[in-house]
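One-letter residues, chain by chain:
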Amino acid sequence: MQDPAAGHLATQATSSFTEHLQRSRPELLPFNQVLPAGQIPPVPHATTIVALSYPGGVLMAGDRRATMGNVIASRHIEKVFPADEYSVLGIAGTAGLALDITRLFQVELEHYEKIEGTLLSLDGKANRLGAMIRGNLPMAMQGLAVIPLFAGFDQAAGVGRLFSYDVTGGRYEELEHHSVGSGSVFARGALKKLWRPNLTEDGAVAVAVEALYDAADDDSATGGPDPVRQLWPVVYTVNRAGARRVPERELAAIAGSIVESRAVAGREA
Amino acid sequence: MTQQFYVSPEQLMKDRADFARKGIARGRSVVVISCADGIALVAENPSPSLHKIGEIYDKIAFAAVGKYNEFESLRQAGVRYADVRGYSYDREDVTARGLASVYAQSLGAVFTAEQKPFEVELAVAEVGHTQADDHLYRLTFDGSIADENGFVVMGGLAEQVAETVAGGWKDDLDLAGALRLAVKALATDKEVDALPGTAVEAAVLDRSPESGRGSRRAFRRLRAEEITQLLAGEA
């Protein structure tokens, strides 16, 4: 015999934080608003993210600039975040919404882990992120798009994997490397030339920083290394041991050597 | 039409309390101890997957005795409460005090209004930077809440177990010492001196997880071999 009250309880129980919010506090979701007609005022946009795989893991890097039209809105913004212990995500597009979706995604993964007592599979995480981006589709159609890049270590398969998304939440697995944001066309060109199989982790960090350097060279919305303010890209690596933020001094050395080698070459482009 | 028997409110509440107490007394005990390294949560639990101890939030853990389905639903409700609060305000705005008072309200409401009270007893622990900042709350089936100092013992034979813990508790115990004391106390009613590591479920709230593990989440479940290793260490 099925107790109707128990059945009701079972349908209420969910391991998803987003579903819980949808039911109990929908106003807290970043993408649950209906926008009135009218012009959307300028808001900060975050730009180039690059990600690439290397034997044993994946890596993601983002520059530090946010722009609002032709104005630099921030030189310090961070666009790459750890999603949980074994995955990271980077965001391009409308900064405010992207930061909220990131926060929601982080809580979503942690919530599942606490409720279920186990980590979500990497494919499961990638699908949840896709669902959130689809949830943001009405906002994207008003011009407030958020495009993430997701990377993580697949513990079942023992490899690092990379996922890109479109505004409809479509999820695409990428091989070798990928980039999103306005500077991504330039970063991708650089990645194609610099990436090779059997990169070491240090080599992979250098490739990512150089790809961002090339993006910053040609895209006004992407910031290059800033030795005056001592600002370097944010870089995370993910491998079997988990996600790790590459320390500033390592990045300073890598960015310094790239700038130096370019200065020595003395070429215009 | 049949006449309903009159039962005085005193009698009704007493019956409910007796019922809940009996249910709890059947279960095995749980010990929560504040020590120098953090807060140790230790339970006698032969199941490796049905936990009596769980993570709620960054610095907050939960331990329970009684009926599994009832305290599990309370644990999940606690995780939802904490995650919503941390998401809508900030992570540091989630406190054990807030969580404990929500639990007290739900337990109290169930005790007075529902068919049957919850047969559970809960402990909510929050680790601080120093031992003086630790918070240990103990909640009973009727929604009573107590702010405990140093340690909490719940479950069947709680008094005898608490006596052993009180006898051995010092504030400078390290994790291994706290674990050994808890396991010794949990074996109070047994023929053996101490429980084997496999019959024990244990977790710790680390006092400084950021520097130790690079994570703001202080909760760490101890694996069976880790427990055995800690128990084997010289006292």
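Scroll up to find the structure this text is about.
Counting starts from 1 at the beginning of each chain's written sequence and moves along it residue by residue. A letter from A marks each chain and a number from 1 marks each ligand, given out in the order of writing. Reporting in this predicted model follows two pLDDT cut-offs: at least 70 for local features of residues, and 80 or more for side-chain atom pairs to be given and counted; totals over whole chains, interfaces and linings ignore these cut-offs and use all residues. Think of the side-chain values as coming from all heavy atoms in the structure, minus any hydrogens and water.

Novice: Just checking my understanding: could you explain the overall build of chain A for this structure?
Specialist: A tally of helices and strands in chain A yields eight helices and 13 strands. Relative to its length of 269 residues, chain A is compact, with a C-alpha radius of gyration of 20 Å against a globular reference of 18 Å. In terms of its C-alpha atoms, chain A occupies a principal-axis envelope of roughly 80 × 50 × 30 Å. When accessible area is computed with a 1.4 Å probe and restricted to protein chains, residues below 20% of their type maximum are described as buried, those above 50% as exposed, and intermediate ones as partly exposed. Evaluated residue by residue, chain A yields a buried proportion of 49% over its 269 residues. Between two residues, a contact is recorded if the distance between any of their heavy atoms is within 4.5 Å. Within chain A, counting contacts between residues at least 6 apart in sequence, those at least 24 apart form 64% of the total. Using the Shrake-Rupley algorithm and a 1.4 Å probe, accessible areas are obtained, with residue cover drawn only from the displayed protein chains. Element-wise, carbon and sulfur atoms account for 54% of the exposed surface of chain A, whose accessible area totals about 12600 Å². His is not counted, nor are the chain ends; Lys and Arg add positive charge and Asp and Glu add negative charge. To locate a charge, take NZ of a lysine, CZ of an arginine, CG of an aspartate or CD of a glutamate. Positive and negative side-chain charges of chain A, numbering 24 and 30 respectively, have mean locations separated by a distance of 2 Å. Secondary structure elements follow DSSP: runs of H or I of four or more residues count as helices, runs of E of two or more count as strands, with numbering from the N terminus. Just to be clear, the radius of gyration here is over C-alpha atoms, and the globule rule we use is 2.2 Å times residues to the power 0.38.

Novice: Would you mind going over the interface of chain B and chain A with me for this structure?
Specialist: Reports of interface size often rely on the accessible area that becomes lost once the parts have come together. Taken residue by residue, the interface counts 17 residues in chain B and 17 residues in chain A. By the criterion of area lost to chain A, the three top residues of chain B are Arg 80, Val 84 and Tyr 87 of chain B, representing 48% of everything that side buries. Each salt bridge in this description consists of a side-chain nitrogen of Lys or Arg and a carboxyl oxygen of Asp or Glu lying within 4 Å of one another. Our count for the chain B to chain A interface comes out at four salt bridges. The partner of Glu 113 of chain A in a salt bridge is Arg 217 of chain B, with the nearest N and O atoms 3.2 Å apart. The definition of a polar contact used here is a pair of N or O atoms within 3.5 Å, where within protein one atom must be able to donate a hydrogen and the other to accept one, and adjacent residues in sequence count solely through side-chain atom pairs. Across the chain B-chain A interface, the total number found is ten residue pairs in polar contact (both at pLDDT 80 or more). For the side of chain B that touches chain A, the secondary structure elements donating two or more residues are strand S3 (53-57) and helix H2 (68-88) of chain B. The element best represented in the side of chain B that touches chain A is H2 of chain B, accounting for ten residues. The quantity reported as buried area is the accessible area (1.4 Å probe) lost by two parts once they are put together, taken as the sum for both.

Novice: Could you clarify how one ought to interpret the sheet that holds strand S9 (residues 200-206) of chain B in this entry?
Specialist: The pairing of strands in a sheet comes from backbone hydrogen bonds and takes either a parallel or an antiparallel form. Residues and elements named next belong to chain B. The pairing criterion for strands is at least two bridges between them, as found by DSSP. Ordered in space as S8-S1-S2-S9-S10, the five strands form an open sheet in which the pairing is antiparallel. The open sheet has two edge strands, strand S8 (151-154) and strand S10 (219-222), and neither has a second partner. The mean inter-strand angle of the sheet, taken between neighbouring strand axes irrespective of direction, is 15°. As defined by bridge partners, strand S2 (residues 38-44) adjoins S9 across seven bridges and the pair is classed as antiparallel. The partner of Glu 44 across the bridge, within S9, is Val 200. Only the stretch in contact is used when a helix axis is fitted, and all axes are lines through C-alpha atoms; the angle between N-to-C directions ranges over 0 to 180 degrees.

Novice: Whenever I open this one, the side chain of Glu 108 of chain A confuses me. Can you help?
Specialist: Residues and elements named next belong to chain A. In this structure, Glu 108 sits in helix H3 (residues 95-116). At 2.3 Å, the side chain of Glu 108 forms a polar contact with the side chain of Thr 18. Apart from residues lying up to four places away in sequence, Glu 108 is in contact with Ser 16, Phe 17, Thr 18, Arg 128 and Met 132.

Novice: I'm lost on a negative patch on the surface in this one. Help?
Specialist: Note on patches: the residues involved have over 30% relative accessible area and no salt bridge, like charges join within 9 Å, and the nonpolar side chains Val, Leu, Ile, Met, Phe, Trp and Tyr join within 5 Å. The grouping of Asp 37, Asp 171, Asp 172 and Asp 174 of chain B at the surface amounts to a negative patch. The class for Asp 37 of chain B is partly exposed, based on a relative accessible area of 37%.

Novice: Which parts of the structure should I look at to understand the environment of Glu 110 of chain A?
Specialist: Note that Glu 110 of chain A resides in helix H3. Contacts of Glu 110 of chain A, omitting those with residues within four sequence positions, involve Asp 58, Asp 83, Arg 91, Arg 216 and Arg 217 of chain B.

Novice: Help me out: how do you make sense of the pairing of strand S10 (residues 171-174) of chain A in this one?
Specialist: Inspection of the sheet shows strand S9 (residues 159-165) of chain A paired to S10 of chain A by four bridges, in the antiparallel sense. Bridge pairing in S10 of chain A links Tyr 165 of chain A to Arg 171 of chain A.

Novice: Help me understand the packing of H3 of chain A against helix H4 (residues 122-135) of chain A, please; the structure alone is not making it clear to me.
Specialist: A pair of packed helices can be characterised by two numbers: the angle between their axes and the separation between those axes. Residue and element names in this part refer to chain A. The geometry of H3 relative to H4 is characterised by a closest axis approach of 11 Å and an angle of 140° between their N-to-C directions. Read as a crossing pair, H3 and H4 show a hand that is right-handed. Across the interface between the two elements, Ile 101, Leu 104, Phe 105, Glu 108 and Leu 109 of H3 pack against Lys 125, Arg 128, Leu 129, Met 132 and Ile 133 of H4. In this classification, Asp, Glu, Lys and Arg are treated as charged, Ala, Val, Leu, Ile, Met, Phe, Trp, Tyr, Cys and Pro as nonpolar, and every other residue, Gly included, as polar. Of the residues belonging to the contact of H3 with H4, the class tally is seven nonpolar, no polar and three charged. Crossings are assigned a handedness: left-handed for a near helix turned anticlockwise from the far helix by less than a right angle, right-handed for a clockwise turn.

Novice: Before we go on, may I ask you to explain the pattern of salt bridges in this structure?
Specialist: A pair can form between side chains of opposite charge whenever their charged atoms are brought close. Counted by the stated rule, this structure contains 37 salt bridges over all chains. The shortest N-O distance in the salt bridge between Asp 58 of chain B and Arg 91 of chain B comes to 2.8 Å. Here Asp 58 of chain B, found in the loop between S3 and strand S4 (60-66), pairs with Arg 91 of chain B, found in the loop between H2 and helix H3 (96-113); they are 33 residues apart in sequence, far enough to count as distant. Taking the relative accessible area as the measure of exposure, Asp 58 of chain B reaches 9% and is therefore buried. A salt bridge links Arg 207 of chain B to Asp 134 of chain B, with the shortest nitrogen-to-oxygen separation between them at 2.9 Å. With a gap of 73 residues between them, Arg 207 of chain B in the loop between S9 and helix H6 (209-213) and Asp 134 of chain B in the loop between strand S5 (120-126) and strand S6 (135-139) connect regions that are remote in the sequence. Here Arg 207 of chain B and Asp 134 of chain B have matching classes, each one buried. What emerges from the salt-bridge pattern is a single network uniting Glu 110 and Lys 114 of chain A together with Asp 58, Asp 83, Arg 91 and Arg 216 of chain B.

Novice: Please explain the side chain of Lys 114 of chain A as it appears in this structure.
Specialist: If you trace the backbone, Lys 114 of chain A turns up in helix H3. Here Asp 83 of chain B takes part through its side chain, which lies 3.1 Å from a polar atom of the side chain of Lys 114 of chain A. When sequence neighbours within four positions are dropped, the list of residues in contact with Lys 114 of chain A reads Glu 55, Ile 56, Tyr 57, Arg 75, Val 79, Asp 83 and Arg 217 of chain B.

Novice: Quick question: what am I supposed to make of the sheet that holds S4 of chain B here?
Specialist: Residue and element names in this part refer to chain B. If you trace the five strands from one edge of the open sheet to the other, you get S3-S4-S5-S6-S7, paired in antiparallel fashion. A single partner strand is all that each edge strand has here, and the edge strands are S3 and strand S7 (145-148). Strand after strand, the sheet turns through a mean of 25° between neighbouring axes, direction not considered. Packing against the sheet, H2 makes contact with S3, S4 and S5, and its axis sits at approximately 20° to S3. Along the sheet face, H3 touches S3, S4, S5, S6 and S7 and points at about 165° away from the line of S5.

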